[in-house]
Amino acid sequence: MDIVTAHDRPNTVAEAIEIQETLRGLVELEDRCPQEIVTVTGLDVAYDEESDLIAAAAVTLETAGFRVVEKRTVVSEVSFPYEPGLFAFRELPSLIDALRALDHTPDLLICDGHGLAHPRRFGLACHVGVVTGLPTVGVGKTRFIGEHAEPGRERGARTPLTDGGEVVGTVLRTQDGVKPLYVSVGHKISLDNACRQVLRLCPAFRQPETTRHADRLARDTLKEALAR
């Protein structure tokens with residue numbers, strides 16, 4: 001898979017923020033997804049704080065039946081410090097390497113993280129989307145910024161996530177009575193379509209099947225790396 005927008009790795013917090021401020025102008029909020037989304041790639045990472053190792057996983061599934069098409073992993077050392085709002089710079093290098101190793105380009109990317117629901121409106125999903133040029137959705141398990149009312153208890157219930165009066169995402173209930181997820185646009189997809197796709201990817205569990213597969217693969221890969 002090709003990378004569309006490359007940039008240098010930052011050495012300081014100020015450099016990282018400057019990259020975010022520059023690239024956020026490239027985020028496209030209109031739907032550029034294929035009419036029929038056939039394949040979706042889930043992205044996730046696992047950390048080992050003691051060794052600074054990170055395992056990144058990219059798993060591509062067919063939307064019909066959720067068959068795994070291909071999967072790739074990359075293990076490396078974290079090269080950027082822990083800074084709120086700059087998590088992407090810890091995860092992105094390994095995730096991009098995993099994406100580069102894919103033989104097929106998916107129709108959509110699902111990140112375990114946020115997109116526009118970010119203080120600078122440029123979370124991990126936006127960063128991945130701009131760098132790859134692909135439609136990308138951020139799906140967070142917890143709220144990073146913003147305020148919201150509680151959505152209804154039924155599957156599919158949703159409520160806006162707002163920050164400073166701006167809608168930055170949707171709080172989406174993917175299963176009856178379970179905790180909701182925080183869905184936000186990453187790149188080349190509308191918020192309504194992002195919610196439709198996430199709900200479609202959650203037929204039986206709280207999290208999308210893409211995230212479930214990528215999370216398991218990243219954890220297993222890290223465990224194997226630490227055992228060597």
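Residues numbered from 1 in each chain as written. Predicted model: local features only at pLDDT ≥ 70, side-chain atom pairs only at ≥ 80, totals over all residues. Heavy atoms only, no water.

Within an unreviewed UniProt entry, the label attached to the chain reads Endonuclease V, and the organism entered is Amycolatopsis orientalis. The record held by UniProt for the chain lists under Cofactor (unreviewed entry) the comment "Mg(2+)". (UniProt positions renumbered as here; feature names shortened; annotations may be inferred.)

Visitor: Mind showing me how you'd approach the UniProt feature "site: Interaction with target DNA" (unreviewed entry) in the chain here?
Guide: Taking the UniProt record as the reference, the feature "site: Interaction with target DNA" (unreviewed entry) is found at Tyr82. Here Tyr82 is to be found in the loop between β3 (68-77) and α2 (88-100). Residue classification places Tyr82 among the exposed residues on the basis of a relative accessible area of 56%. Among residues more than four places away in sequence, those in contact with Tyr82 are Phe87 and Arg90. (Helix = DSSP H or I, 4+ residues; strand = E, 2+ residues; numbered from the N terminus. Buried < 20%, exposed > 50% of the residue type's maximum accessible area, 1.4 Å probe, protein only. Contact = heavy atoms within 4.5 Å.)

Visitor: Can you walk me through the packing of α2 against helix α3 (residues 124-132) in this structure?
Guide: If you want to describe how two helices pack, look at the angle between their axes and the distance between the axes. Where α2 contacts α3, the two axes come as close as 11 Å, and the packing angle between them is 40°. As the angle between them shows, α2 and α3 are arranged oblique. For the pair α2 and α3, the crossing hand works out as right-handed. Contacts from Ala88, Phe89, Glu91, Leu92, Leu95, Ile96 and Leu99 of α2 reach α3 at Leu124, His127, Val128, Val131 and Thr132. (Axes fitted to C-alpha atoms, helices over the stretch in contact; angles between N-to-C directions. Parallel < 35°, antiparallel > 145°, perpendicular 65-115°, else oblique. Left-handed = near helix turned anticlockwise from the far one by under 90°.)

Visitor: Explain the environment of Glu21 to me, please; I cannot follow it from the model alone.
Guide: Secondary-structure assignment places Glu21 in helix α1 (residues 13-23). Using a relative accessible area of 35% as the deciding quantity, one classes Glu21 as partly exposed. Distance from Glu21 to Arg120, taken between C-alpha atoms, is 7.2 Å for residues 99 residues apart in sequence.

Visitor: Just to check I follow, could you spell out the nonpolar core for this structure?
Guide: In summary, soluble globular proteins display a tendency toward joint burial of nonpolar side chains. Ranked by size, the top nonpolar core spans 40 residues in total, and within it Leu108, Ile110, Val137, Val183, Ile189 and Val198 carry the most contacts. A per-element tally of this core places strand β2 (residues 53-62) first, with 5 residues. Every residue in contact with Val137, bar those within four places of it in the chain, is listed here: Leu108, Leu109, Ile110, Cys111, Ala125, Val183, Ser184, Gly186, Ile189, Ala194 and Val198. (Core = buried A, V, L, I, M, F, W, Y, C linked by side-chain atoms within 4.5 Å.)

Visitor: Before we go on, may I ask you to explain the pattern of salt bridges in this structure?
Guide: Note on pairing: side chains with opposite charge can pair once their charged atoms come close. This structure, assessed with the given rule, holds 13 salt bridges. When the shortest N-O distance is used, the salt bridge between Asp97 and Arg100 registers 3.3 Å. Of this pair, Asp97 and Arg100 both sit in helix α2, separated by 3 residues, roughly a single helical turn. On the accessibility criterion, Asp97 (33% relative accessible area) is partly exposed. (Salt bridge = Lys/Arg side-chain N within 4 Å of Asp/Glu carboxyl O.)

Visitor: Honestly, unusual backbone geometry in this entry has me stumped. Any pointers?
Guide: A negative phi holds for most residues other than glycine; trans holds for most peptide bonds. Look at Phe66: it is not a glycine, yet its phi comes out positive at around 60°. Relative to the elements of secondary structure, Phe66 occurs in the loop between β2 and β3. Phi at Lys188 is positive, roughly 55°, even though this residue is not glycine. Mapped onto the elements, Lys188 comes out in the loop between β8 (181-187) and α4 (191-200).

Visitor: Would you explain the UniProt feature "binding site: Mg(2+)" (unreviewed entry) in the chain in this entry?
Guide: The UniProt entry lists Asp44 and Asp112 under the feature "binding site: Mg(2+)" (unreviewed entry), expressed in the numbering used here. Across 69 residues, the annotated set stays spatially compact, with a maximum C-alpha separation of 5.6 Å. Relative to the helices and strands, Asp44 resides in strand β1 (residues 39-48). Residues contacting Asp44, with those up to four places away along its chain left out, are Ala55, Ala56, Ala57, Leu95, Asp112, Thr211, Ala214, Asp215 and Ala218. The residues touching Asp112, leaving out its near neighbours within four places in the chain, are Leu43, Asp44, Leu124, Val139, Lys141 and Thr211.

Visitor: Please explain helix α5 (residues 209-227) as it appears in this structure.
Guide: Given a rise of 1.5 Å per residue, 19 residues ought to cover 27 Å, and the 27 Å separating the end C-alpha atoms of α5 matches this to within 8%. Next to the buried residues of α5 lie β1, β2, β3 and β4 (108-111). (Expected span 1.5 Å × (residues − 1).)

Visitor: What is the right way to look at the packing of aromatic side chains in this model?
Guide: Aromatic ring pairs are defined here through the distance separating the ring centres and the angle between the ring planes. Taken as a whole and judged by the stated rule, the model has 2 aromatic pairs. Judged by centre distance (5.6 Å) and plane angle (40°), the ring pair of Phe80 and Phe89 falls under tilted. Classification of Phe80 by relative accessible area gives buried; the value is 5%. Taking the relative accessible area as the measure of exposure, Phe89 reaches 5% and is therefore buried. A cation over a ring is seen here: Arg212 above Phe205, with NZ or CZ 3.7 Å from the ring centre. (Phe/Tyr/Trp six-rings, centres within 6.5 Å; stacked < 30°, edge-to-face > 60°. Lys NZ or Arg CZ within 6 Å of the ring centre and 35° of its normal.)

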